[in-house]
Amino acid sequence: GIRGMHDPDAACRDVGRDPACVERSGEVLGRPGSADDEAIPPVEEQELRGEPDELAAALLAYHDLGIAELQVQLRPNTPGAIRAFEPVLDRIRQG
């Protein structure tokens, strides 16, 4: 499973909510590029890092858990990181 992700259906049932009536969203930290790149700082808490195929697979795992909307906070938050993230989005669009 996804590190830090608990069973949202069980949490809903615990408080008397129908899980089907709750839309799920989330946010992750993402750093496009190789995890072996010495130029980037150490991994932040629960930061997703990797090549486009790896990041796309990790982000699609949230969809498989029923997450309807996922915000990705890029590291670093720069135009270069946005350009580096484009191949990840292309792979997600391809499924």
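Please read these numbers as outputs of a predicted model, since none were measured by experiment. (Residues numbered from 1 in each chain as written. Predicted model: local features only at pLDDT ≥ 70, side-chain atom pairs only at ≥ 80, totals over all residues. Heavy atoms only, no water.)

Visitor: Can you explain the pairing of strand S1 (residues 24–32)? Please cite residues and give values.
Guide: Two strands pair when backbone bridges link them, and S1 and strand S3 (residues 67–74) are joined in this way by 7 bridges, in the parallel orientation. Counted as the bridge partner of Gly-26 is Leu-70 from S3. In this structure, S1 lies alongside strand S2 (residues 47–50), joined through 4 bridges in parallel fashion. Each bridged residue has a counterpart across the sheet, and for Arg-31 the counterpart in S2 is Arg-49. (Pairing = 2+ DSSP bridges. Helix = DSSP H or I, 4+ residues; strand = E, 2+ residues; numbered from the N terminus.)

Visitor: Outline the pattern of salt bridges, supporting the account with residue identities and numerical values.
Guide: For the coordinates displayed, the defined rule picks out 5 salt bridges. Across the pair Glu-47 and Arg-49 runs a salt bridge, and its minimum N-O distance is 3.0 Å. The buried category is assigned to Glu-47, whose relative accessible area is 5%. Between Arg-91 and Asp-53 there is a salt bridge, and its shortest N-O distance comes to 2.5 Å. One end of the pair, Arg-91, is in helix H3 (residues 79–94); the other, Asp-53, is in helix H2 (residues 52–64), and 38 residues separate them in sequence. You can call Arg-91 partly exposed: its relative accessible area is 31%. (Salt bridge = Lys/Arg side-chain N within 4 Å of Asp/Glu carboxyl O. Buried < 20%, exposed > 50% of the residue type's maximum accessible area, 1.4 Å probe, protein only.)

Visitor: Which residues make up the sheet that holds S1, and what values go with them?
Guide: Pairing is parallel across the open sheet formed by 3 strands, whose spatial order is S2-S1-S3. Where the open sheet ends on each side, the last strands, each with one partner, are S2 and S3. Adjacent strand axes in the sheet meet at a mean angle of 40° when their direction is disregarded. The strands touched by H3 are S1 and S3; relative to S3, the strand with the most contacts, the crossing angle is about 140°. (Axes fitted to C-alpha atoms, helices over the stretch in contact; angles between N-to-C directions. Contact = heavy atoms within 4.5 Å.)

Visitor: For the nonpolar core, give the residues involved together with the corresponding values.
Guide: Counting residues in each nonpolar core, the largest one holds 11 residues, listed as Val-28, Leu-48, Leu-55, Ala-56, Leu-59, Tyr-62, Ile-67, Leu-74, Ala-81, Phe-85 and Val-88. Every element with two or more residues in this core is listed here: H2, S3 and H3. Considering every element that reaches this core, the biggest residue donor is H2, with 4 residues. (Core = buried A, V, L, I, M, F, W, Y, C linked by side-chain atoms within 4.5 Å.)

Visitor: Describe the packing of H2 against H3, naming the residues involved and giving the relevant values.
Guide: Following both chains from N to C, one finds H2 and H3 inclined at 55°, their axes separated by 8 Å at the closest point. The orientation of H2 with respect to H3, classified from their angle, is oblique. Taken as a pair, H2 and H3 cross one another with a handedness that is right-handed. Residues Pro-52, Asp-53, Leu-55, Ala-56, Leu-59 and Leu-60 of H2 lie in contact with H3, whose contacting residues are Phe-85, Pro-87, Val-88, Arg-91 and Ile-92. Of the residues that constitute the contact of H2 with H3, the class distribution is 9 nonpolar, no polar and 2 charged. (Parallel < 35°, antiparallel > 145°, perpendicular 65-115°, else oblique. Left-handed = near helix turned anticlockwise from the far one by under 90°. Nonpolar A, V, L, I, M, F, W, Y, C, P; charged D, E, K, R; others polar.)

Geometric descriptors of this kind do not, in isolation, establish any biological role.
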